[in-house]
Amino acid sequence: MATETMVPVNGIELCVATFGEPGDPALLLIAGASGSMDWWDDEFCRRLAAGGRFVIRYDHRDTGRSTCFPAGDPPYSDVDLAHDALGVLDALGVHQAHLVGLSMGGGLAQRIAVERPHRVLSLTLMATSTVPPAYSVSPPATPASEPQWSDRRSAVDRIVAGVRGLGGPFTADEPHLRRLAERVFDRTHDMAASQTNHFRCAGGPPLRERLGEITAPTLILHGTLDPLFPPPHAETLRAEIPGARLVWLDGVGHEFPPTAVWTQVIDEIIDQAGRRTQPA
């Protein structure tokens, strides 16, 4: 496991871990809503680093060991979350990076690419949509009652059920997911805040009408079985970001890359990070 470091960012502290050599081109992994760095698997990160990238992952505010706010009324917006990503780069002395954003993290990566294009070497958008989404979003049904987030077993049960509900045939088995959810629980200051605040924070200015301004080479990786953002969401991103490439992940749902597609995903990310201009 990589060594974790606390860094000051935008008046808070974020927990950061890195893989590989600092002299290599930086690749920043931006997780989705409620996603701590744990969901970027250690071996997945090591394999990216072996491709000649300085891989950076971090806990969003309100997740993992980063600064937490009381559950229910977060005093920040998704603009602040995007600035956090840039703040992580600043704290590490990185001026430019390849951005890889999943779900909400894909929206944050789009915001950075539009508003701070000089910081972005390339853009990889996974399991995400435009901001705001071009189509309605219908999340899977969840139990009516909130779990006792402070109770380890209750919290782990809900996390595992949520992952499996959004996944596909390649989603990790329940024992693996339970171990991962236990690690998440054990690293997190406030599970209630981590599981709710990102969904309740204010949204920033819409980005969809500005996607044509993106100049960074852009790759879209999208599961064919994504129930939260079905295929038309990815197709809209491809149509509205100049020169974007869309690569389908067969049999993948709305999830961090399952091991069955690691080779495909890692090869695509490394290849994308080597591009300097959009394909014609």
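Residues numbered from 1 in each chain as written. Predicted model: local features only at pLDDT ≥ 70, side-chain atom pairs only at ≥ 80, totals over all residues. Heavy atoms only, no water.

Enquirer: Could you give an account of the overall build of the chain, with specific residues and numbers?
Expert: For the chain, the count of helices and strands is 8 helices and 8 strands. Against the compact-globule benchmark of 19 Å for 280 residues, the chain has a radius of gyration of 17 Å, which places it among compact chains. In terms of overall dimensions, the chain has a C-alpha envelope of 50 × 40 × 35 Å along the principal axes. The 280 residues of the chain split such that 55% are buried. A separation threshold of at least 6 residues defines the contact pool for the chain, and within that pool the share at least 24 residues apart is 76%. (Helix = DSSP H or I, 4+ residues; strand = E, 2+ residues; numbered from the N terminus. Rg over C-alpha atoms; globule rule 2.2 N^0.38 Å. Buried < 20%, exposed > 50% of the residue type's maximum accessible area, 1.4 Å probe, protein only. Contact = heavy atoms within 4.5 Å.)

Enquirer: Kindly report on the packing of aromatic side chains, identifying the contributing residues and their values.
Expert: With the rule as written, the count across this model stands at 5 aromatic pairs. Judged by centre distance (5.7 Å) and plane angle (55°), the ring pair of phenylalanine 44 and tryptophan 262 falls under tilted. On the criterion of sequence distance, the pair formed by phenylalanine 44 in helix α1 (residues 42-50) and tryptophan 262 in helix α8 (residues 262-273) is long-range, its members being 218 residues apart. Neither residue differs from the other here; phenylalanine 44 and tryptophan 262 are each classed as buried. Among the aromatic residues, those joined into a cluster by ring pairs are Trp39, Trp40, Phe44, Phe256 and Trp262. Here the guanidinium or amino end of arginine 61 rests over the ring plane of tyrosine 76, the centre of that ring lying 4.9 Å away. (Phe/Tyr/Trp six-rings, centres within 6.5 Å; stacked < 30°, edge-to-face > 60°. Lys NZ or Arg CZ within 6 Å of the ring centre and 35° of its normal.)

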